[in-house]
Amino acid sequence: MDALEGAPEAAHRTPSAVVVGFDDDLVRAIETLGWDATRVDDLTEVSLDSTVMIIAGGHVELADDGPYLLLIGDSLHDGRDGVGRVSSLAQVELSRLDIEDDAPQAFTSAINGLQLSTVDETAWFSGLTFTEHTVARPLVTSGGTTVVALYDRGEGVGLAVPAAADPIEWFRAFAEHIHNLDPDRVPYSPPRVARPDEWRTASELEVMAQLQRIDEEIAELARWREEAAASLLEATQDAELGERWLLWADSDELVGSVRMTLEELGFRVEEIERDDREQLQVLSDEHPDWVGIVDTSACDGAVSVSELRRVNQHLLAYVAECGSQPDSVWWVVNDHRRLDPSRRPDSFVDLSDALGLVDVMAVSTRDLFRLGRDVARERLDPEAARKLLTSPGPGVFAHPQQAHEDGV
């Protein structure tokens, strides 16, 4: 059962080929047989780690014995194994080719195609030469001359065929042979026809049309993704100078960032200056008589009780000036502002009791940022967000999600 379950996954692995010495027509023909193919001018241009087969015309100096090697031509040489064919020497005229009795069946149609090419006109072939240590298996001969042969390359196998051979027919035959030898690297046998596009069935053509539509959709999605990536970059740059600046600002910039966030939540906000310190007065349309004031602080570390005392002094100055107590006093603090926001510790743990004594609600810029983001993303209704800020009494404000994570 395990073997059956693993078979479909193996069958969908696509073997890869590298083509050198041929044009893109051969690459496209190889791809119609279900392989990935890449054309290069030099084998040093590409990593061969995952390459199953190399198709080369001419001379190859390849130290790696892993890939299978298909050599096509009348002047070729495999530098690693000394297999060669030299067009200017030992050339013979062949009127008849002999198929060796033990030639694998995978090569039958390719060999017959090579025989057919010698019928109507005179064909000249150079015989293959092998070094003493090379283990070769002739497939096609003429008298004592080897025309086509398989040979051992160590881990892989080489196949040498003459220039008159049809490259795609011999690639197809070699791919089938490798499948029979090494099904782990070539999980499926190619079609028996070397040019399947000319002999597609109706069902194949229907699936190919579906693949074309999918490819077009993928191309369209790729364009959309590129546009979205550009939009994200622009949005990120805007955020650095906009909403996210709240997490880094201090002094007047912090006051401006807090005001912008509160206005986006739907509050009416006015800036007031008292004792050389900027404050904000906040009004709510839901509660015409409700008035809140906002004080801000920014610090490189944790907030201190002395800073809270200053907030209380400003509160007392407001009461003296207006003759009444505000309904809420918010102290928005950008603590540990030189740390990444994700690493900032909680600064209000030791101030909870003191906040109650002076009737102040402390709000971290991180929680205010999260609240504004939830409203902008329509995960939280603006009125509900305003209620979260106006309803609590003195103490520490916590963003609802953060409060849930903290077990509050």
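See the structure shown above.
Residues numbered from 1 in each chain as written. Predicted model: local features only at pLDDT ≥ 70, side-chain atom pairs only at ≥ 80, totals over all residues. Heavy atoms only, no water.

An account of the nonpolar core is requested, with residue identities and associated values reported.
In terms of nonpolar packing, the biggest core is built from 40 residues, with Met53, Ile55, Leu159, Trp170, Phe171 and Phe174 touching the most fellow members. When residues in this core are grouped by element, the largest group, 7 residues, is from helix α4 (residues 167-181). Each residue touching Ile55, except ones within four places of it in the same chain, is listed here: Ala17, Val18, Val19, Val20, Phe22, Leu26, Ile30, Leu70, Ile72 and Phe171. With 26 residues, the next largest nonpolar core counts Val255, Val294, Leu371 and Phe397 among its residues. (Core = buried A, V, L, I, M, F, W, Y, C linked by side-chain atoms within 4.5 Å. Buried < 20%, exposed > 50% of the residue type's maximum accessible area, 1.4 Å probe, protein only. Helix = DSSP H or I, 4+ residues; strand = E, 2+ residues; numbered from the N terminus. Contact = heavy atoms within 4.5 Å.)

Tell me what's going on with helix α9 (residues 365-376), and back it up with residues and numbers.
Across its 12 residues, α9 extends 16 Å between first and last C-alpha, which sits within 8% of the 16 Å expected from 1.5 Å per residue. When you tally the buried positions in α9, you get 9 out of 12 residues, the bulk of the element. Thr365, Arg366, Asp367, Leu368, Phe369, Leu371, Gly372, Asp374 and Val375 are the residues of α9 that are buried. Residue Ser364 occupies the N-cap position of α9, its side-chain oxygen lying 3.1 Å from the main-chain nitrogen of Arg366. In the stretch just after α9, Glu378 is the one whose phi turns positive, near 65°. (Expected span 1.5 Å × (residues − 1). Polar contact = N/O pair within 3.5 Å; in protein donor to acceptor, adjacent residues only side chain to side chain.)

Explain a negative patch on the surface to me, and be specific about the residues and the numbers.
A cluster of acidic residues, Glu234, Asp238, Glu243 and Glu264, forms a negative patch at the surface. Along the polypeptide, Asp238 turns up in helix α5 (residues 202-241). (Patch = residues over 30% accessible without salt bridge, like charges linked within 9 Å, V, L, I, M, F, W, Y side chains within 5 Å. Areas by Shrake-Rupley, 256 points an atom, 1.4 Å probe, with all protein chains shown as cover. Salt bridge = Lys/Arg side-chain N within 4 Å of Asp/Glu carboxyl O. Lys, Arg positive; Asp, Glu negative; His and termini not counted. Charge placed at Lys NZ, Arg CZ, Asp CG, Glu CD.)

Provide a residue-level description of the packing of α9 against helix α10 (residues 382-390), including the pertinent values.
Packing of α9 against α10 leaves a shortest axis separation of 9 Å and a crossing angle of 160°. With respect to each other, α9 and α10 are oriented roughly antiparallel. α10 is crossed by α9, and the crossing has right-handed handedness. From α9, Leu368, Leu371 and Val375 reach across to α10, where they touch Pro382, Ala385, Leu388 and Leu389. Here the residues of the contact of α9 with α10 are counted per class, giving 7 nonpolar, no polar and no charged. (Axes fitted to C-alpha atoms, helices over the stretch in contact; angles between N-to-C directions. Parallel < 35°, antiparallel > 145°, perpendicular 65-115°, else oblique. Left-handed = near helix turned anticlockwise from the far one by under 90°. Nonpolar A, V, L, I, M, F, W, Y, C, P; charged D, E, K, R; others polar.)

How would you summarise the packing of helix α2 (residues 24-32) against α4 if you had to cite specific residues and measurements?
Two elements in contact, α2 and α4, have axes whose closest approach is 10 Å; the angle formed by their N-to-C orientations is 35°. The two elements α2 and α4 cross, and the hand of that crossing is right-handed. Residues Leu26, Ala29 and Ile30 of α2 form the contact with α4, whose own contacting residues are Pro167, Ile168 and Phe171. Across the contact of α2 with α4, the residue classes break down as 6 nonpolar, no polar and no charged.

I'd love a proper account of the packing of aromatic side chains, names of residues and values included.
All told, the structure shown has 7 aromatic pairs when counted by the stated rule. Seen in terms of ring centroids, Trp331 and Phe348 are 6.4 Å apart; in terms of plane orientation they differ by 50°. Their pairing is tilted. Placement of the pair is Trp331 in strand β15 (residues 328-334) and Phe348 in the loop between β15 and α8 (352-358), with a sequence separation of 17 residues. Per residue, the accessibility class of Trp331 equals that of Phe348, and both read buried. An aromatic cluster is built from Phe267, Trp290 and Trp330, whose rings are joined through pairwise contacts. Above the face of the Trp248 ring, Arg344 is positioned so that its terminal group lies 5.1 Å from the ring centre. (Phe/Tyr/Trp six-rings, centres within 6.5 Å; stacked < 30°, edge-to-face > 60°. Lys NZ or Arg CZ within 6 Å of the ring centre and 35° of its normal.)

Explain the pairing of β15 to me, and be specific about the residues and the numbers.
For β15, the tally of buried residues reaches 7 of 7 residues, placing the bulk of the element in the interior. Alternating residues of β15 divide into Ser328, Trp330, Val332 and Asn334 and Val329, Trp331 and Val333, and every residue in both groups is buried. Two elements, strand β14 (residues 287-298) and β15, share 7 bridges in a ladder whose sense is parallel. Each bridged residue has a counterpart across the sheet, and for Val294 the counterpart in β15 is Trp330. With helix α7 (residues 305-322) bridging β14 and the parallel β15, this β-α-β connection has right-handed handedness. Pairing between β15 and strand β16 (residues 361-364): 4 bridges, direction parallel. In the strand pairing of β16, Val332 is matched with Val363. For the crossover that starts at β15, traverses α8 and ends in the parallel β16, the hand is right-handed. (Pairing = 2+ DSSP bridges. Right-handed = clockwise from strand over helix to strand, strands pointing away.)

Could you give an account of the pattern of salt bridges, with specific residues and numbers?
Evaluation of the coordinates by the stated rule reveals 21 salt bridges. Taking the shortest distance from any N to any O, the salt bridge between Asp250 and Arg337 comes out at 3.1 Å. Taken as a pair, Asp250 in the loop between α5 and α6 (251-264) and Arg337 in the loop between β15 and α8 lie far apart in primary sequence, 87 residues in all. Since its relative accessible area comes to 25%, Asp250 is described here as partly exposed. Through salt bridges that share partners, Asp250, Asp300, Arg337 and Arg338 make up one connected network.

By themselves, these observations are geometric and do not establish any function.
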